[in-house]
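# Commentary on secondary and tertiary structure
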Amino acid sequence: LIALRASVRFMRKLTCAITGANGFIGSHLVNIFRARHCHVIEMTRAKNFDLSKTQPDLNGVDVLIHAAYDLKIIDHHANQKINYDGSVNLLRHAKKCGVKKIIFISSMSAFEGARSMYGRTKLAVESVVAEMGGIIVRPGLVFDEKPRGIVGAMSKFIQHSKIVPLIGNGQQIFYPCHVQDLVALLFYLANTTENNTKPITAAANHA
């Protein structure tokens, strides 16, 4: 992934819509696309975008990067309606609007037999993305120098808790992915003409 940082400079300008643009990964995506002089459409609740509501105008958009996911939802019914149905409706709407490329940010938690609701939902959305010919990226544990996202939540928990439970009985392996390497990969995928039919794992090859 590190090598991609230098390789993205030659890419042409494009219009990119990013869901979850104010999130950890989304905000970094906005920065790199704008730094490369692309037109960025930030899709956030503050800008009238919500997975459970009316679809936005995506006419003229070259690439849709779907990074939004509501982690606060723990109810299965609500999760189905918002994180799954909302994502599928958005992706199908994007196709109708003529969006040329769809990139879905999934997770390494998405695999057959996944026990978490998060992993199962991501996997289910992946199947729809694959049918549409979209690109699926499965990041590992995304981090940077100022912990946010899952790493940030873990850091805060450790700092304020006297007892820290062992994830997976201490046997859980985490494969890290620096957020700058991830967004460089995503920018490359948004611009390349290569076809990627299988999920792309974005993580270090060792724990």
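Residues numbered from 1 in each chain as written. Predicted model: local features only at pLDDT ≥ 70, side-chain atom pairs only at ≥ 80, totals over all residues. Heavy atoms only, no water.

### Here's the deal with the overall build of the protein
- A tally of helices and strands in the protein yields 6 helices and 8 strands.
- Going from N to C terminus, the protein has its helices and strands arranged as α-β-α-β-β-α-β-α-β-β-α-β-α-β.
- Counting across all 207 residues of the protein, residues that qualify as buried make up 47%.
- Within the protein, contacts between residues at least 6 apart in sequence are counted, and of these 75% link residues at least 24 apart.
- Within the structure as shown, the protein displays about 11800 Å² of accessible surface, and the carbon and sulfur contribution to it stands at 53%. (Helix = DSSP H or I, 4+ residues; strand = E, 2+ residues; numbered from the N terminus. Buried < 20%, exposed > 50% of the residue type's maximum accessible area, 1.4 Å probe, protein only. Contact = heavy atoms within 4.5 Å. Areas by Shrake-Rupley, 256 points an atom, 1.4 Å probe, with all protein chains shown as cover.)

### Quick notes on the nonpolar core
- If you look at the biggest cluster of nonpolar residues, it comprises 31 residues, and the most contacted ones within it are I18, L29, F33, I65, I103 and V137.
- Within the residue set of this core, elements represented by two or more residues are β1 (15-19), α2 (24-35), β3 (63-66), β4 (101-105), β5 (135-139), α6 (179-191) and β8 (200-202).
- Top contributing element to this core by residue count: α6, with 9 residues.
- Ignoring any residue separated from it by four or fewer positions in sequence, one finds L29 in contact with I18, I65, I105, V183 and L186.
- A17, L51, I73 and I136 belong to the second-largest nonpolar core, a separate cluster that totals 23 residues. (Core = buried A, V, L, I, M, F, W, Y, C linked by side-chain atoms within 4.5 Å.)

### As for the sheet that holds β1
- Read from one edge to the other, the open sheet built from 6 strands follows the order β2-β1-β3-β4-β5-β8, with strand pairing classed as parallel. Of all strands in the sheet, those with a lone pairing partner are β2 (39-43) and β8, marking the two edges. Between one strand axis and the next, the sheet turns through 20° on average, direction left out of account.
- Relative to β2, β1 is paired through 5 bridges, and the arrangement is parallel. When the sheet's bridge partners are listed, A17 is paired in β2 with I41.
- Sitting on the sheet, α6 touches β3, β4, β5 and β8, and the angle it makes with β4 is about 160°. (Pairing = 2+ DSSP bridges. Axes fitted to C-alpha atoms, helices over the stretch in contact; angles between N-to-C directions.)

### Brief notes about the pattern of salt bridges
- For the structure on display, the rule yields 5 salt bridges.
- One salt bridge connects D50 with R45, and the closest N-O pair in it is separated by 3.7 Å.
- A salt bridge links K100 to D62; the nearest nitrogen and oxygen atoms lie 3.1 Å apart. With K100 in the loop between α3 (76-96) and β4 and D62 in the loop between β2 and β3, the pair connects residues that are 38 residues apart, well separated along the chain.
- Given a relative accessible area of 60%, K100 falls into the exposed group. (Salt bridge = Lys/Arg side-chain N within 4 Å of Asp/Glu carboxyl O.)

### Quick notes on the environment of T19
- For T19, the location among the structural elements is in strand β1.
- Given the relative accessible area of 0%, T19 is considered buried.
- A sequence separation of 48 residues divides T19 from A67, and the C-alpha atoms of the two residues are 5.3 Å apart.
- Among residues more than four places away in sequence, those in contact with T19 are M43, F49, L64, I65, H66, A67, A68 and L90.
- Reaching out from T19, the side chain makes a polar contact with the backbone nitrogen of A67 at a distance of 2.8 Å. (Polar contact = N/O pair within 3.5 Å; in protein donor to acceptor, adjacent residues only side chain to side chain.)

### Looking at the environment of F104
- By the element assignment, F104 lies in strand β4.
- A relative accessible area of 2% means that F104 is categorised as buried.
- Separated by 40 residues in sequence, F104 and L64 place their C-alpha atoms 8.3 Å apart.
- When near neighbours in sequence (up to four residues on either side) are disregarded, F104 contacts H66, K122, V125, E126, V129, I135, I136 and V137.

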